[in-house]
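# Structure at a glance
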Amino acid sequence: MSTEGQNRRIDYVELNVADIARSKAFYGAAFDWSFTDFGPSYCEFNDGRLKGGLTTTAPVNAVGGPLVILYADDLEDVETRVRRAGGKIVKPIFSFPGGRRFHFADPDGYELAVWSAK
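Overview of the structure. Per chain, residues are indexed from 1 in the order of the written sequence. Local features are withheld for residues below a pLDDT of 70 in this predicted model, meaning they are given only at 70 or higher, and side-chain atom pairs are given and counted only at 80 or more; totals for whole chains, interfaces and linings count all residues. Computation of side-chain values covers all heavy atoms of the structure but excludes hydrogens and water.

### Quick word on the packing of aromatic side chains
Within 6.5 Å between ring centres, the rings of Phe, Tyr and Trp (the latter by its six-membered ring) count as paired, and their orientation is classed by plane angle as stacked under 30 degrees, edge-to-face over 60, tilted in between. Enumeration according to the criterion identifies 10 aromatic pairs in this entry. For the pair Phe26 and Tyr27, a centre-to-centre distance of 4.9 Å together with 80° between the ring planes defines the contact as edge-to-face. Accessible area is worked out with a 1.4 Å probe on protein chains only. A residue is then buried under 20% of its type maximum, exposed over 50%, and partly exposed in between. Phe26 sits in the buried class, given a relative accessible area of 1%. Among the aromatic residues, ring-to-ring pairing joins Phe26, Tyr27, Phe31, Trp33, Phe45, Phe102 and Phe104 into one connected group.

### Let's talk about the layout of surface pockets
Grid points spaced at 1 Å over the protein atoms alone were grouped into cavities, where a 1.4 Å probe fits but cannot get out, and pockets, open sets with protein on both sides within 12 Å along at least five of seven lines, with lining residues defined by an atom within 4 Å of a point. Grid points are joined across faces, edges and corners, and a volume is the space filled by probe spheres set on the points. By volume, the largest pocket amounts to about 940 Å³. Lining the largest pocket are 28 residues, and of these Leu50, Val68, Ile69, Leu70 and Leu112 lie nearest its centre. For this classification, the nonpolar set comprises Ala, Val, Leu, Ile, Met, Phe, Trp, Tyr, Cys and Pro, the charged set comprises Asp, Glu, Lys and Arg, and every other residue, Gly included, is treated as polar. Split by residue class, the lining of the largest pocket holds 19 nonpolar, 4 polar and 5 charged. Size it by volume and the second largest pocket reaches roughly 270 Å³. Lining the second largest pocket are 13 residues, with Gln6, Asp11, Arg49, Leu50 and Lys51 positioned closest to its centre. Per-class residue counts for the lining of the second largest pocket are 4 nonpolar, 4 polar and 5 charged.

Quick look at the structure:
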């Protein structure tokens, strides 16, 4: 695997979760992520562009920290998928310079956002 062009770029994101199976079900249903299991306490996710991890090796700390923002071509469709997968909308769709977005909480309480240029 080549690491050329990755210098000083975000390379990987890990979320401490309470239940890996529940998190896989949520992110798989809402965003079509794929997963690779590495034992009972670690799972790698792949969103098609960025990889990251889901782990139970540390406590869930869903308050504060950086806001992870995903992109969607169809914001309303993804909002519906998030709701159906069990996410809670914490900021409904709103406009901002450059597009629109909404914020949601995943099953562990992490707040993430989804934006669209449309």
